[in-house]
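A closer look at the structure
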Amino acid sequence: MTHARRQRIQVVAHRGASEDAPEHTLAAYKKAIEDGADALECDVRLTADGHLVCVHDRRVNRTSNGRGAVSALELSDLAALDFGSWKNRDAWRGRDEEPDWEHRPEDPADTSVLTLERLLELVADAGRPVELAIETKHPTRWAGQVEERLLLLLKRFGLDAPRTPEESPVRIMSFSARSLHRVRVASPTLPTVSLMQFVTPRLRDGRLPEGVGIAGPSIRLVRNHPVYVERLKRAGHQVHVWTVNEPEDVDLCVDLGIDAIITNRPREVLRRLGR
Ligand code: G3P
Ligand code: CA
């Protein structure tokens, strides 16, 4: 399955506008929408009681005031934690000036744990089209449950079975070919993105796992091996690159005809693109 090239580069907010606000919080996603991002990226994990939450790390230690693995905690445990204050500490570190973001949420829900369901509601209420790039984390541990829950949730929002991949406002990304395969079997028209950070024999040939339409290389891979981007594009695949934060990397993506830029700084990237 391949995808036609996009008309213009899509700007995707990585974990929300995560340079300005704490990653994977409503605050970060609201900011990304305000900034004009075309799409939002999020990582999803399953809690011990089967809820999909937007958390990058296996444990909550880095991004909250709690400790422990997401998979060992229930949603109510996570809901008691603060996912915002760490950013304040981080933003102040080594700086004399006031950081852009301070932990002063008007609504504590803006910095509490974010469920994928709440993020889907936010997107539905955005008032303009906003796409969603959902990454499955550690899908092997759950033997298909992550994808199963994900598709059930998308179904509730009418997003699980688009008529064609091109029309879908949601796509599923993963480093795991197995996870993408599960998604494709259950929902063949939902677009999938194969994330990659190393050169593999398959990439050398400009190929992706069977049925996957979109390549998701790291910016480092693209910088070091632009030739593979050309090969992928020649084979009809879209290329979505992460995590592109520097102006010169944005320019490289433009030169290479990249389809989507995944960035912590959507506002700056949009400006660089003249939008
Ligand atoms: O968008 C893909 C990118 O997010 C993959 O890396 O570690 O930020 O999830 P990571
Ligand atoms: Ca991710």
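Residues numbered from 1 in each chain as written. Chains lettered and ligands numbered in written order. Predicted model: local features only at pLDDT ≥ 70, side-chain atom pairs only at ≥ 80, totals over all residues.

The name an unreviewed UniProt entry assigns to the protein is Glycerophosphodiester phosphodiesterase, from the organism Streptomyces broussonetiae.

This part takes up the overall build of the protein. Helix and strand counts for the protein come out as 11 helices and 9 strands. Buried positions account for 43% of the 275 residues belonging to the protein. (Helix = DSSP H or I, 4+ residues; strand = E, 2+ residues; numbered from the N terminus. Buried ≥ 20, exposed ≤ 12 C-beta atoms within 10 Å, placed from the backbone.)

What follows covers the site of ligand 1. Neighbouring ligand 1 are His14, Glu41, Asp43, His56, Glu135, Met173, Leu195, Gly216, Trp242 and Ile262. Looking at the shell around ligand 1 residue by residue, the classes come out as 4 nonpolar, 3 polar and 3 charged. (Near = placed C-beta within 6 Å. Nonpolar A, V, L, I, M, F, W, Y, C, P; charged D, E, K, R; others polar.)

Bringing the nonpolar core into the picture now. Ranked by internal contacts, the top residues of the largest apolar core, which has 66 residues, are Val12, Leu40, Val44, Val53, Val241, Val244 and Ile261. Top element by residues in this core is helix H1 (residues 26-35). It accounts for 6 residues. Contacts of Ile261, omitting those with residues within four sequence positions, involve Ile9, Val11, Val12, Val241, Val244, Val250, Cys253 and Val269. (Core = buried A, V, L, I, M, F, W, Y, C linked by C-beta atoms within 7 Å. Contact = placed C-beta atoms within 7 Å.)

The element strand S1 (residues 10-14) is largely enclosed, with a buried count of 4 among its 5 residues. Pairing of S1 with strand S9 (residues 260-263), which is carried by 4 bridges, proceeds in the parallel orientation. Across the sheet, Val11 pairs through a bridge with Ile261, a residue of S9. Of the pairings in the sheet, the one linking S1 to strand S2 (residues 39-46) comprises 3 bridges and is parallel in character. By the bridge assignment for S2, Val12 is matched with Ala39. (Pairing = 2+ DSSP bridges.)

On to unusual backbone geometry. With an omega of -25 degrees, the peptide bond running from Trp242 to Thr243 counts as cis. Position of Thr243 among the secondary structure elements: in the loop between strand S8 (238-241) and helix H10 (247-256). Within the chain, Arg15 stands out as a residue other than glycine whose phi angle is a positive 60 degrees. Its 26 C-beta neighbours within 10 Å are what place Arg15 among the buried residues.

This part covers the pairing of S9. With burial as the criterion, each face of S9 is covered, one bearing Ala260 and Ile262 and the other bearing Ile261 and Thr263. Where S8 meets S9, 2 bridges bridge the pair, whose relative direction is parallel. Within S9, the residue paired with His240 across the bridge is Ala260. Following the chain from S8 across H10 to the adjacent parallel S9, one finds a crossover that is right-handed. (Right-handed = clockwise from strand over helix to strand, strands pointing away.)

On to helix H6 (residues 177-186). All buried positions along H6 are accounted for by Ser179, Leu180, Arg182, Val183 and Arg184. Buried positions along H6 lie against strand S4 (131-136), helix H5 (145-156), strand S5 (170-174) and strand S6 (192-196).

This paragraph deals with the environment of Thr115. Checked against the element boundaries, Thr115 lands in the loop between helix H3 (85-92) and helix H4 (116-124). Exposure remark for Thr115: the 19 C-beta atoms within 10 Å place this residue in the partly exposed category. Sequence separation between Thr115 and Val44 is 71 residues, and the spatial gap between their C-alpha atoms is 8.6 Å. Residues within four places of Thr115 in sequence aside, it is in contact with His51, Leu52 and Val53.

For the protein, the average pLDDT comes to 92, and 90% of its residues sit at 70 or higher. For this predicted complex, the interface confidence reaches an ipTM of 0.99, while the overall pTM sits at 0.94. (pLDDT = per-residue confidence, 0-100.)

Here Val60 lies in the loop between strand S3 (52-54) and helix H2 (75-79). Sequence spacing of Val60 and Val227 is 167 residues, and the spatial spacing of their C-alpha atoms is 38 Å. With residues near it in sequence (within four places) discarded, Val60 still touches Val55, Gly66, Arg67, Gly68, Val70, Leu78 and Leu81.

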